[in-house]
Amino acid sequence: MKEKIIAILNELRPEFDFNEPVNFIEEGMLDSFDVINLVNELDSQFGISIDGVDVLPENFSSVDNIISLLQKNGVK
Amino acid sequence: MDLLFKNKKITGILTVLPSREVHFEEEMGNYNFSTAKSLKLKMAMGYNKHRIVDEGVCVSDLCCHGLEHLFQQGKLKREDIDALILVTQSPDYFMPPTSNVIQGKMGLKQDMICMDINQGCAGFVLGLIQAFMLLEQPTVRKVVLLNADVLSRKVSKRDRNSNPLIGDGASITIVERTEENSTIWGTIKMDGSRADALMIPAGGFRQPSTSETAEMHEDINGNFRSLDNLVMKGDEVFNFVQVEVPPMIDELLERASVEKNRVDYYMFHQPNRFMLQKLADKLEIPREKMPNNIVENFGNSSGATIPTNITFNIGEKLEKQEMQLCLSGFGVGLTWAALLLRMGKLDFCQTINF
């Protein structure tokens, strides 16, 4: 799952290294519109629909947080 | 607040849209972002084109154009209008009420009620609620509900948060009593403690417009706007809608004992495609039952989006057959509201250009 998420992030913002242990939001690597595109891509690739109430910047600030979000939304 | 109305029905809807169509690409240069980033925004939010009034066009112009069309087509008679409700956030004047201005321009009778209501995204539902209440009076037989806004005139052209999605427009909805045994279920909630999520800070009596309020400032996201412009806290509005609207719809349907799949269409306010897709998924409603194509074709015209959604997507069907609809508006105020009703065999359900 981790590799797939990083591949999606790299496609979205190829200028950044998403393997770095930094806060993607605070570092400006993802803005609110990136988050929307990311949600659409995660929904499509994992066959889910992330709950709208979970579309909050903090849930996309690291790969680990994204994994937790996907698991909460039914991805195993 | 739970609401219930008996023996009321909508008999016609006309949407009036400005002829001028502006494409997203024409305005990209106004934004403080690269072309690539602007196109990413377009993809994410479903922006494409929107309808914008020409300079100087006001709400009463759109409404009078639509009313005149109905008079000429024989679909509405001047003397039959017992009440004129105008829901708008962009009146022609602070005073007098724009509904009175429209009454005068159209030569309507004096023995009637005119009222303006200041409401936005939930303005169609709130206007219908007011219409249903007026129809409780024996002397009020026909109410004309006008929803109209020209908010493009209050949005900064350099604000990518608001400018691409805003559209201008008006709708005219005829509401009458009926002998049929009909029940309309409704609900409305408000939270003024979050009123600053969507507002125009200057231009009222609290902060009159001055040369200072007209100065443009850059926000943390690189958008330029002044205090005279509409400002929207997009993240807060998105979260508010996702948290508040689904339980409201679930409760409304449960109260009416109507199962989700018995509703033919969920005709909701049109903030953007992404927000509506997430609402449909959360409510476990097929996305095709909740049309989300108004922003990409016409823009978000505030209280006129639900009627625009109806006339554009299911107008022809509603002229021929009756359907079970769930209407919902949410936004400015903050306000969120919904109605569950049967609608159909309308005298007219169309869109015309101004």
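Provided above is the structure to which this section pertains.
Residues numbered from 1 in each chain as written. Chains lettered and ligands numbered in written order. Predicted model: local features only at pLDDT ≥ 70, side-chain atom pairs only at ≥ 80, totals over all residues. Heavy atoms only, no water.

1. Some thoughts on the nonpolar core
Of all hydrophobic cores here, the largest spans 73 residues; its most connected members are L42 of chain A together with I249 and F268 of chain B. Examining the composition of this core, we find that 10 residues originate from one element, helix α6 (residues 234–256) of chain B, more than from any other. (Core = buried A, V, L, I, M, F, W, Y, C linked by side-chain atoms within 4.5 Å. Buried < 20%, exposed > 50% of the residue type's maximum accessible area, 1.4 Å probe, protein only. Helix = DSSP H or I, 4+ residues; strand = E, 2+ residues; numbered from the N terminus.)

2. Some remarks on the side chain of S90 of chain B
All names here are of chain B. Note that S90 resides in the loop between β5 (83–87) and α4 (98–106). Take S90: its relative accessible area is 12%, and that puts it in the buried class. Side-chain polar atoms of S90 contact the side chain of D149, separated by 2.5 Å. For S90, the residues in contact, after removing those within four places along its chain, are V59, A148, D149, V150 and L151. (Polar contact = N/O pair within 3.5 Å; in protein donor to acceptor, adjacent residues only side chain to side chain. Contact = heavy atoms within 4.5 Å.)

3. Quick look at the sheet that holds strand β7 (residues 142–149) of chain B
Residues and elements named next belong to chain B. Judged by pairing direction, the sheet is mixed, and its six strands sit side by side in the order β6-β5-β7-β8-β2-β17 without closing on themselves. Every interior strand has two partners, whereas the edge strands, β6 (113–117) and β17 (348–353), have only one. The sheet shows a mean angle of 15° between the axes of neighbouring strands, direction not considered. (Pairing = 2+ DSSP bridges. Axes fitted to C-alpha atoms, helices over the stretch in contact; angles between N-to-C directions.)

4. Description of the sheet that holds strand β1 (residues 2–6) of chain B
All names here are of chain B. Strand order in the open sheet formed by five strands is β1-β9-β16-β15-β14, with mixed pairing between adjacent strands. Of all the strands in the sheet, the pair left with one neighbour each is β1 and β14 (265–268). Between one strand axis and the next, the sheet turns by 20° as a mean value, whatever way the strands run. Two elements, β1 and strand β9 (residues 183–190), share five bridges in a ladder whose sense is antiparallel. Across the sheet, the residue bridging to D2 is T187, located in β9.

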